[in-house]
Amino acid sequence: MISVVDLETAPDAQPGDGLIIATGARFDGAHAEHWLERASFTLSETEVADRRVITVGSVSQALTDIAQRCRRRPHAAAICDDVLRAIDPAAPAFAGVITESLAYSVLQAGPEFADWLAERGPATAPEVSDPVLIDRDGDTLRLRLNRPQRHNAFSNAMRAGLLDGLAVAEADTSIEEVVLSGAGRSFCSGGDLADFGGFTDVPSAHLARTRYSPALALDALTARLGARCRADIHGQVLGSGLEMAAFCGSVRAHPDAVLGLPELNLGLIPGAGGTVSIPRRIGRWRTAYLILSGRTIDATTALRWGLVDEIATPR
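All values reported here derive from a predicted model rather than from experimental measurement.

Each value, and the rule that gives it
Residue positions within a chain follow its written sequence, with the count starting from 1. At least 70 in pLDDT is required for a residue's local features to be given in this predicted model, at least 80 for side-chain atom pairs to be given and counted, and no such filter applies to totals for whole chains, interfaces and linings, which use all residues. Working from all heavy atoms in the structure, the side-chain values ignore hydrogens and water. For two strands to pair, DSSP has to find at least two bridges joining them. Segments assigned H or I by DSSP are reported as helices when at least four residues long, segments assigned E as strands when at least two residues long, and all are numbered from the N terminus. Contacts are assigned to residue pairs with any non-hydrogen atoms lying within 4.5 Å of each other. Angles shown run from 0 to 180 degrees and are taken between the N-to-C directions of axes, each axis being a line fitted to C-alpha atoms and, for helices, limited to the stretch in contact. Whether a residue is buried, partly exposed or exposed follows from its accessible area with a 1.4 Å probe, protein chains only, as a fraction of its type maximum: under 20%, in between, or over 50%, in that order. The split into domains, and so the bounds of each, comes from an automatic or database assignment of domains. Summed over both partners, buried area is the accessible surface (1.4 Å probe) that two parts give up on being assembled. We define a salt bridge as a side-chain nitrogen of Lys or Arg found within 4 Å of a carboxyl oxygen belonging to Asp or Glu. Looking down the strands as they point away from the viewer, one classifies a crossover as right-handed if the path from the first strand across the helix to the second runs clockwise. Should an angle fall under 35 degrees it is called roughly parallel, over 145 degrees roughly antiparallel, and 65 to 115 degrees roughly perpendicular, with every other angle called oblique. Side-chain classes are defined by residue name, with Ala, Val, Leu, Ile, Met, Phe, Trp, Tyr, Cys and Pro counting as nonpolar, Asp, Glu, Lys and Arg as charged, and the others, Gly among them, as polar. Here is the rule: rings of Phe, Tyr and Trp (six-membered ring for Trp) pair when centre to centre is within 6.5 Å. Planes less than 30 degrees apart are stacked, more than 60 are edge-to-face, and the remainder are tilted.

Comments concerning the sheet that holds strand E5 (residues 132-137)
In spatial order, the strands read E5-E6-E7-E8-E10-E13; together these 6 strands make up an open sheet with mixed pairing. In the strand order of this sheet, the two ends are held by E5 and strand E13 (310-311), each with one partner. Across the sheet, helix H6 (residues 156-171) touches E5, strand E6 (140-145) and strand E7 (177-182), and the angle it forms with E6 is around 175°.

Quick look at the side chain of Thr23
Topologically, Thr23 is positioned in strand E2 (residues 19-23). Judged by its relative accessible area of 13%, Thr23 is buried.

A short note on unusual backbone geometry
For His151, which is not glycine, the phi dihedral falls at a positive 50°. Looking at where His151 falls in the secondary structure, it is placed in the loop between E6 and H6. One non-glycine residue with positive phi stands out, namely Asn152, at about 55°. Here Asn152 lies in the loop between E6 and H6.

Comments concerning the domain arrangement of the chain
Per the domain assignment, the segments of the chain are domain 1 (2-57) and domain 2 (92-311). A C-alpha centroid distance of 30 Å is found between domain 1 and domain 2. Between domain 1 and domain 2, the contact holds 17 residues from the first and 11 residues from the second. Of the roughly 1000 Å² buried between domain 1 and domain 2 on both sides combined, carbon and sulfur atoms contribute 59%. Sorting the residues of domain 1 by area buried against domain 2 places Phe41, Arg51 and Ile54 first, and these three jointly supply 52% of that buried surface. The tally of links from domain 1 across to domain 2 stands at 1 salt bridge. Where Arg304 meets Glu47, a salt bridge forms, and the shortest distance between an N and an O atom there is 3.9 Å.

Observations regarding the pairing of strand E3 (residues 41-44)
Residues Phe41 and Leu43 line one face of E3 and the alternating positions Thr42 and Ser44 line the opposite face, and both faces are buried. Taken together, the 3 bridges between E2 and E3 define a ladder with parallel strand orientation. Residue pairing across strands places Thr23 opposite Leu43, the latter belonging to E3. Assessed by its sense of winding, the connection that carries the chain from E2 through helix H1 (residues 32-38) to E3 is right-handed.

Quick look at the environment of Glu47
On the secondary structure map, Glu47 appears in the loop between E3 and strand E4 (53-55). Its relative accessible area of 55% is what places Glu47 among the exposed residues. In sequence terms Glu47 and Ala25 are 22 residues apart; their C-alpha atoms lie 9.3 Å from each other. Aside from chain neighbours lying at most four places away, what touches Glu47 is Thr55 and Arg304.

Things to note about the packing of helix H2 (residues 59-72) against helix H10 (residues 274-293)
The axes of two packed helices give the description: the angle between them and the distance between them. Interhelical geometry of H2 versus H10 gives an angle of 70° and a closest axis separation of 9 Å. The angle between H2 and H10 places the two elements in the roughly perpendicular class. On the side of H2, the interface is formed by Ile66, Arg69 and Cys70, while H10 contributes Tyr289, Ile291, Leu292 and Ser293. A breakdown of the residues in the contact of H2 with H10 according to their chemical character gives 5 nonpolar, 1 polar and 1 charged.

Comments concerning the environment of Val237
Relative to the assigned elements, Val237 resides in strand E9 (residues 236-238). A C-alpha to C-alpha distance of 5.8 Å links Val237 and Val258, two positions 21 residues apart in sequence. With near-sequence residues (within four places) excluded, Val237 lies in contact with Phe187, Cys188, Leu242, Ala257, Val258, Leu259 and Gly260.

Brief notes about the packing of aromatic side chains
Note on aromatic pairs: each is described by the distance of the centres and the angle between the planes. If you walk through the whole model with that rule in mind, you get 4 aromatic pairs. Arranged with centres 5.6 Å apart and planes meeting at 85°, the rings of Phe41 and Tyr289 form a pair that is edge-to-face. On the criterion of sequence distance, the pair formed by Phe41 in strand E3 and Tyr289 in helix H10 is long-range, its members being 248 residues apart. Geometrically, the ring pair formed by Trp116 and Phe196 is edge-to-face, given 6.1 Å between the ring centres and 75° between the ring planes. Of this pair, Trp116 sits in helix H5 (residues 111-120) while Phe196 sits in the loop between E7 and helix H7 (202-211), and the two are 80 residues apart along the sequence. In terms of burial, Trp116 and Phe196 fall into one category: buried.

With respect to the pattern of salt bridges
Across all of its chains, the model carries 16 salt bridges by this definition. Of the charged contacts, one joins Arg52 and Glu33 as a salt bridge, the two residues approaching to 2.7 Å between their closest N and O atoms. A residue pair is termed long-range when its members are at least 10 positions apart, and Arg52 in the loop between E3 and E4 and Glu33 in helix H1 qualify at 19 residues. Given a relative accessible area of 45%, Glu33 falls into the partly exposed group. In this structure, Arg72 and Glu119 form a salt bridge, with 3.4 Å as the shortest nitrogen-oxygen distance. Note that Arg72 is positioned in helix H2 and Glu119 in helix H5, a separation of 47 residues in sequence. Residue class for Arg72 comes out partly exposed when judged on its relative accessible area of 46%.

Written as structure tokens, this is what we have:
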């Protein structure tokens, strides 16, 4: 399902169906622009600023690793590529979130996610009484994810608490700054795996994702507040945690932050608006790489790519 083409390949070549990964170091060649734009992403061992290109230590090893992951979850990989190509990050977020959620729903009802659920087995996770801490200081509203024992894994209760806090910020125009952060060692390690599979009614799950969306609430606040809607991230910043943070007008990362999108492991794609928020910052190509490779990046790389806006000075 993966076709590998060289940047010097003639544009009339038929790479076949499925994902297209380009390779090479001749970015000024006659055919390079065609493949840079058309490919899911381009791998190179040469450092280049073009956001369609990902620099890796070994192209051959990267191709082997990505092919192995995509063979294990072929439906999720193909649908990921479709969604990233279909969504216009410059358009209003709602249409993109709907597209993403419909695709996510298809995968939720599919065999790859079912296989992952069977491998995981039954799971439960303890809840805390205040999964989101809400504190107002003058015109600043601070929302702090508060499940530190789970690296702030995003649970249904945490989602409800965050929506409550964001609703306060949206309703009260005297709030001029919103800061989203996380307690403990991590900002957010992504969706709580113990919660996955709890919704067996896939249409209702889609409606819940799109009608009660922290991502859309953050997008609306960013439209009003700009960089004063800020995420302060540290530790694990994975999956839904990264997706939501990327909707904020400004993202400040601690040097220890580790960022990634691991959803393909579950037979899924990002489902918290990440196929909108992350391409807005780094383009569909690097977003596809993060999803399909499963690799994480550090704060320095995230800053260079534009996924974060600054790195905080450790105290």
